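Listed here are the chains, written in short residue letters.
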Amino acid sequence: LGLCVSRASASVLNLNCCLVLLPMCRVLLAFLRGSQKVASRKTRRLLDKSKTFHVTCGVTICIFSVLHVAAHLVNALNFSENYNEDFLAINVANYRGEYISAPFKCYLMSILVPGLTGVIMVLVLFLMCTASTYAIRVSNYDIFWYTHNLFFVFYILLMLHVSGGVLKYQTNLEEHPPGCFNPNKTLQQNMTAPKAFEELFPDYTTEPFPEDLAVPEPFVQNSFMRICSEEPKFQSHFPETWFWISGPLCLYCVERLYRYIRSNKSVTITSVISHPSNVLEVRMIKDDFKARPGQYVILHCPRVSALESHPFTLTM
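Residues numbered from 1 in each chain as written. Predicted model: local features only at pLDDT ≥ 70, side-chain atom pairs only at ≥ 80, totals over all residues. Heavy atoms only, no water.

Where an unreviewed UniProt entry is consulted, the protein appears under the name NOX4 oxidase, with the organism given as Eolophus roseicapilla. One UniProt comment on the protein, placed under Subcellular location (unreviewed entry), says "Membrane". (UniProt positions renumbered as here; feature names shortened; annotations may be inferred.)

Here it is as structure tokens:
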């Protein structure tokens, strides 16, 4: 059950880590909302709620991260209790009962790459979630900004986290089906097999054993046995996380680069007018720019905050 929960929660985390970046692509959302491709008013309203969708994905990542960590602690105990002495290649623990006393510590040291990256990701996620609260954002926006940009570290660790190769699958199921009988190994250890054994039981056949052939009881099920031709071979699962996050991450990086290049273009301020009720009107000119309905500008005042910016309505 722990393995099923950890795999299921990992799939949910992959999906939400893929979707959480899309609402932050402001240029893409503005293009979709202003183009004729999105003609539905309901769809445009959904695009306007991109921040809510981003927060929802973030909360989901936190919840399923806790579930994922708890499932892996259960897996550490199961890996230790179910140590397989016949197939050593599939074991995570070094011996039976290794993780009983201190499952978290032993799991971290035995599986260094997934364990260490997992712990660091939990710490990064904790900093991002706590700094995203309303109280911290209002009192010190710079803390929120710095910690929230740790998502780059989180995504790098996420791709390294799945490269440990903890879970494995058998690659030669045809040559060695589960529960088969290997006469070249087992019978030589327990008995002397007759010379005609291979002629009577070729590979991939299912035949009853002769009555005069003494076959050990554990290898006989319902008087039938399938012969395997080679030892089982195991291989780690290919990591799939990068399939989910590489596309949105590249899209977000391209947009950040585009916004940085666009923000470096000079803007000429022609006048500043103070209106009643503390309303400030700033008139400006920017080359090769034509305003469209619904657009807004991001103004940054370094004296107020080194990183914080605010959106303001743009009119012609």
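Student: Now, about the overall build of the protein: what can you tell me, with residues and values included?
Tutor: A tally of helices and strands in the protein yields 12 helices and eight strands. Within the protein, buried positions represent 28% of all 316 residues. Summed over all atoms, the accessible surface of the protein reaches about 21,500 Å², with 62% contributed by carbon and sulfur. (Helix = DSSP H or I, 4+ residues; strand = E, 2+ residues; numbered from the N terminus. Buried < 20%, exposed > 50% of the residue type's maximum accessible area, 1.4 Å probe, protein only. Areas by Shrake-Rupley, 256 points an atom, 1.4 Å probe, with all protein chains shown as cover.)

Student: Talk me through a nonpolar patch on the surface; I want residue IDs and the actual numbers.
Tutor: On the surface, a nonpolar cluster with roughly 860 Å² of combined accessible area is contributed by Leu 15, Val 113, Ile 156, Met 159, Leu 160, Phe 238, Trp 242, Phe 243 and Trp 244. If you list the elements that add at least two residues to the nonpolar patch, you get helix H9 (151-161) and helix H12 (241-263). Here Met 159 shows up in helix H9. (Patch = residues over 30% accessible without salt bridge, like charges linked within 9 Å, V, L, I, M, F, W, Y side chains within 5 Å. Salt bridge = Lys/Arg side-chain N within 4 Å of Asp/Glu carboxyl O.)

Student: How would you sum up the pattern of salt bridges? Please name residues and give values.
Tutor: If charged atoms from side chains of opposite charge come close, those side chains can pair. Per the stated rule, a full pass over the model turns up two salt bridges. Across the pair Arg 259 and Glu 255 runs a salt bridge, and its minimum N-O distance is 3.4 Å. Highlighted residues: Arg 259 and Glu 255, both in helix H12, separated by four residues, approximately one helical turn. With respect to burial, Arg 259 and Glu 255 carry one shared label: buried. One salt bridge in this structure joins Arg 283 and Glu 281, with 2.8 Å as the shortest N-O distance. Look at Arg 283 and you get partly exposed, because its relative accessible area is 43%. Residue classification places Glu 281 among the partly exposed residues on the basis of a relative accessible area of 24%.

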